[in-house]
Amino acid sequence: MANVDVSSNLERHVARRTFPLLDRTKVCRNLFGPVDHEELHCEMTRKLQEISERDQTRWNFNFETNSPLPGDYEWEAISEDAMPFFYKDKVQNKRARAAASVNATGDASSTADCGLHGISRSPVVQESAEVPSRPSELNQENLSGALNSKPARASVLRNRRKRSLIPEAPRNSTPQITDFFPKRKRTPESKQDEPTSIEVTPRKTIR
Amino acid sequence: MEQESVVQYEPVAEIGGGAYGTVYKARDRDSGQFVALKSVRVQTNQDGLPLSTVREVALLKRLEQFDHPNIVRLMDVCATLRTDQETKVTLVFEHVDQDLRTYLEKVPAPGLPIQQIRDLMQQLLCGLAFLHSNRVLHRDLKPENILVTSRGQVKLADFGLARIYSCHMVLTPVVVTLWYRCPEVLLQTTYATPVDIWSTGCIFAEMFRRTPLFCGESEVDQLGKIFAVIGLPSEEEWPNDVTLSRQNFSPQNPQPITDCVPEISEKGAELLLEMLTFDPLKRISAFNALDHPFFTE
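The rules behind these values
Residues numbered from 1 in each chain as written. Chains lettered and ligands numbered in written order. Predicted model: local features only at pLDDT ≥ 70, side-chain atom pairs only at ≥ 80, totals over all residues. Heavy atoms only, no water. Helix = DSSP H or I, 4+ residues; strand = E, 2+ residues; numbered from the N terminus. Contact = heavy atoms within 4.5 Å. Areas by Shrake-Rupley, 256 points an atom, 1.4 Å probe, with all protein chains shown as cover. Salt bridge = Lys/Arg side-chain N within 4 Å of Asp/Glu carboxyl O. Buried < 20%, exposed > 50% of the residue type's maximum accessible area, 1.4 Å probe, protein only. Polar contact = N/O pair within 3.5 Å; in protein donor to acceptor, adjacent residues only side chain to side chain. Core = buried A, V, L, I, M, F, W, Y, C linked by side-chain atoms within 4.5 Å. Domains from an automatic or database assignment. UniProt positions renumbered as here; feature names shortened; annotations may be inferred. Axes fitted to C-alpha atoms, helices over the stretch in contact; angles between N-to-C directions. Parallel < 35°, antiparallel > 145°, perpendicular 65-115°, else oblique. Left-handed = near helix turned anticlockwise from the far one by under 90°. Nonpolar A, V, L, I, M, F, W, Y, C, P; charged D, E, K, R; others polar.

J.: I tried to follow the overall build of chain A on my own but got confused; where do I start?
T.: Each helix and strand counted, chain A has 7 helices and 6 strands in total. The order of α-helices and β-strands along chain A, N terminus first, is β-α-β-α-β-β-β-α-α-α-β-α-α. Here the contacts in chain A between residues at least 6 apart in sequence split such that 54% fall between residues at least 24 apart. A total accessible area of about 11,700 Å² is found for chain A, and carbon and sulfur atoms account for 56% of it.

J.: Whenever I open this one, the pattern of salt bridges confuses me. Can you help?
T.: Oppositely charged side chains can pair when the atoms bearing their charge come close. All names here are of chain B. What the rule picks out here adds up to 16 salt bridges over all chains. In this structure, Arg73 engages Asp67 in a salt bridge whose closest nitrogen and oxygen atoms are separated by 3.2 Å. A relative accessible area of 11% means that Arg73 is categorised as buried. Asp279 is the partner of Lys282 in a salt bridge, and the nearest nitrogen-oxygen pair spans 3.8 Å.

J.: I tried to follow the environment of Asp196 of chain B on my own but got confused; where do I start?
T.: Residue and element names in this part refer to chain B. Its location among the elements puts Asp196 in helix α7 (residues 194-209). According to the relative accessible area criterion, Asp196 is buried, its value standing at 0%. Residue contacts for Asp196: discarding those within four places in its chain leaves Leu128, His132, Leu137, His138, Arg139 and Leu141. One polar contact links the side chain of Asp196 to the main-chain amide nitrogen of His138, over a distance of 2.8 Å.

J.: Explain the nonpolar core to me, please; I cannot follow it from the model alone.
T.: One recurring pattern in soluble globular proteins is that nonpolar side chains are buried together. Counting 88 residues, the largest nonpolar core has Tyr87 of chain A together with Phe204 of chain B as the members making the most contacts within it. Formed jointly, this core draws a minimum of three residues from each of two domains, domain 1 (2-94) and domain 2 (100-295) of chain B. In contact with Phe204 of chain B, other than residues within four places in its own chain, are Ile117, Met121, Ile264, Gly268, Leu271, Leu272, Met275 and Phe294 of chain B. Formed by 11 residues, the second largest nonpolar core is a distinct cluster that contains Tyr24, Ala26, Val35 and Val92 of chain B.

J.: What is the right way to read the UniProt feature "binding site: ATP" (unreviewed entry) in chain B from this model?
T.: UniProt annotation of "binding site: ATP" (unreviewed entry) refers to Lys38 of chain B when read in the numbering used here. One polar contact links the side chain of Lys38 of chain B to the main-chain carbonyl oxygen of Phe86 of chain A, over a distance of 2.4 Å.

J.: Explanation requested: the packing of helix α4 (residues 114-133) of chain B against α7 of chain B in the structure shown.
T.: What describes two packed helices is the angle between their axes and the distance between those same axes. Residues and elements named next belong to chain B. Closest axis-to-axis distance for the α4/α7 pair is 11 Å, and the angle between their directions is 165°. In terms of orientation, α4 and α7 fall into the roughly antiparallel class. For α4 against α7, the interelement crossing comes out right-handed. Contact residues: Ile114, Ile117, Leu120, Met121, Leu124, Leu125, Leu128 and His132 in α4; Asp196, Ile197, Thr200, Ile203, Phe204, Met207 and Phe208 in α7. Per-class residue counts for the contact of α4 with α7 are 12 nonpolar, 2 polar and 1 charged.

Quick look at the structure:
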């Protein structure tokens, strides 16, 4: 059934996108014939839509617009202050994205972090998820004075407790926390390679 | 015309990127049970949701199947595509209306009776032993993450979520508390399940004191406050793979823990010291802590 396709540039291009691993090989084995990306995309969108509708019905809540619908659950929007800290939305998305793009170049720690969360679950967990602390861990000695001098954004927390503010800027010269982890085996690169076989198959959409 | 403007200006995100202000909570008319929503926006790349997020959600769902009494219930995980670059993941949790911090704040003057502290600690350790036996670290255990139901049931929350937030948060100036952080994390060395035991020790002391045990203002200050109580560790105990040298701290002898926590019982003080042990390998485990005579005295 193996159909060796060397000539079709288009298919080749598509294959490269779908299977980055094959990027450098000369021959591409096409086991299941060409993929109709358009159709697959539609199918996935439809599936997601189905799931969303099911969620919406189950909870009578429109998660997309963040608004309650009539049904078994009596929804009420209440002030965050009336809720335990845990339920608060702590994700500062806009800011994070801006910061991420600023620091995107040559910052190994960000990639390492995103790539490694998954493996750090063992009892000998290395670093990864202590997300908030990472930047500070990189250079706490140098910055210990500055660390908590201005808890400028502390107001986002209702918490009156003093917390330390972690600066994002200077952190090139000092050793990275990852330097201290002898147990880590996988690098972000190898991590990325591994899931291709699992991840790529269902996702053939090209955007 | 009006329709046009609606199309043109669609809301992108709430200011500040999060719903600071309101949270949705609901009551199930059938069961009377309360649920609350917590949403996390995850950036998606061309491969969709980050694998780490998918894994983390899978882990939370897997833990959920055990239905552990001391873990907050996660009822559902709902994903909605917001844009090509962003997916909103909404977690539907059971709603508990107070955490340990408000619980302790409400306790009147003489403080909690020791029997009640024993009960809270037992539940806390039970939840923790469950997480640890499933190879999950909490890593940010603090009174705010420990929910206490109106019937006094303890439920751990917010574990695992850090990794869902992480891809966003790693580069953001995030405000975190250092007060429950163990020496090995403060010193940036390898760490594992004992981190949670350290935090539990700090919380244990706080149950008696009703005020936090070590309130450091920076990592170094936090370590200084810790050593002022447990004493400066010996040269041999000091980890050799850290940048911060032992010489940065003045030599100090351990103080009697009862100076900090006068209300504690003898067995309680023993357990507390076993939790606040500098060397993570010598620190008591959640499992062994549950067997400590403090719980049967």
